[in-house]
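# Working through the structure, step by step
The primary structure of each chain is shown beneath.
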Amino acid sequence: LPSVMNDKMATLVQAHEASVKGYEEKLATLKNELYQTELSKEVLSMKLHALKEEYEVVRAVLDAANEAEEFYEQELGELAAEKEEACRYLREDVNNAKLDRK
């Protein structure tokens, strides 16, 4: 009876050890997956931060370009008006010169 009991206990201990080993392996796998997830999260966070900084730079460049465009549109409008005024004076001078010849 004691040897049967010892065999059963030995079998139970072996099963328990196998079960513990299986759970330790699963735990190690889950810890590794958690580490990889945290690492990925950190990498994504750094990439997001870099993209936000890049966005701010691009936004500043775009704002500056828009301001420059508005300035040059205004300048172009003023130049066009000056050109029209100069052409009008030139036509008047030409017409006056023609009248003076007559």
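The following paragraphs examine the structure supplied in this document. (Residues numbered from 1 in each chain as written. Predicted model: local features only at pLDDT ≥ 70, side-chain atom pairs only at ≥ 80, totals over all residues. Heavy atoms only, no water.)

Scanning the chain from N- to C-terminus turns up one helix and zero strands. For 102 residues, the compact-globule estimate of 2.2 N^0.38 gives 13 Å, and the C-alpha radius of gyration of the chain, at 43 Å, exceeds that figure by more than 25%. Principal axes of the C-alpha set define a box for the chain whose edges measure 145 × 15 × 10 Å. For the chain, the exposed surface amounts to about 9800 Å²; the carbon and sulfur share of it is 61%. For the chain, the separation between the mean place of its 14 positive charges and that of its 23 negative charges on side chains is 5 Å. (Helix = DSSP H or I, 4+ residues; strand = E, 2+ residues; numbered from the N terminus. Rg over C-alpha atoms; globule rule 2.2 N^0.38 Å. Areas by Shrake-Rupley, 256 points an atom, 1.4 Å probe, with all protein chains shown as cover. Lys, Arg positive; Asp, Glu negative; His and termini not counted. Charge placed at Lys NZ, Arg CZ, Asp CG, Glu CD.)

Attention shifts here to the pattern of salt bridges. When the charged atoms of two side chains lie near each other, side chains of opposite charge can form a pair. Counting across every chain of the model gives three salt bridges. A salt bridge links aspartate 63 to arginine 59; its shortest N-O distance comes to 3.5 Å. You can see aspartate 63 and its partner arginine 59 sitting in helix 1 (residues 2–101), four residues apart, about one turn around the helix. Given a relative accessible area of 32%, aspartate 63 falls into the partly exposed group. It is possible to trace a salt-bridge network through shared partners that takes in Glu85, Arg88 and Glu92. (Salt bridge = Lys/Arg side-chain N within 4 Å of Asp/Glu carboxyl O. Buried < 20%, exposed > 50% of the residue type's maximum accessible area, 1.4 Å probe, protein only.)

Overall, the coordinates contain one aromatic pair when judged by the stated rule. Where phenylalanine 71 meets tyrosine 72, the ring centres are 5.1 Å apart and the plane angle is 75 degrees; that geometry is what we call edge-to-face. In this structure phenylalanine 71 comes out as partly exposed when scored by relative accessible area, which is 43%. Residue classification places tyrosine 72 among the exposed residues on the basis of a relative accessible area of 55%. A cation sits over an aromatic face here: arginine 88 above tyrosine 89, 5.0 Å from the ring centre. (Phe/Tyr/Trp six-rings, centres within 6.5 Å; stacked < 30°, edge-to-face > 60°. Lys NZ or Arg CZ within 6 Å of the ring centre and 35° of its normal.)

If you trace the backbone, glutamate 70 turns up in helix 1. Counting along the chain gives 58 residues from glutamate 70 to leucine 12, while the straight-line C-alpha distance between them is 85 Å.

All we've got here are geometric facts, nothing functional implied.
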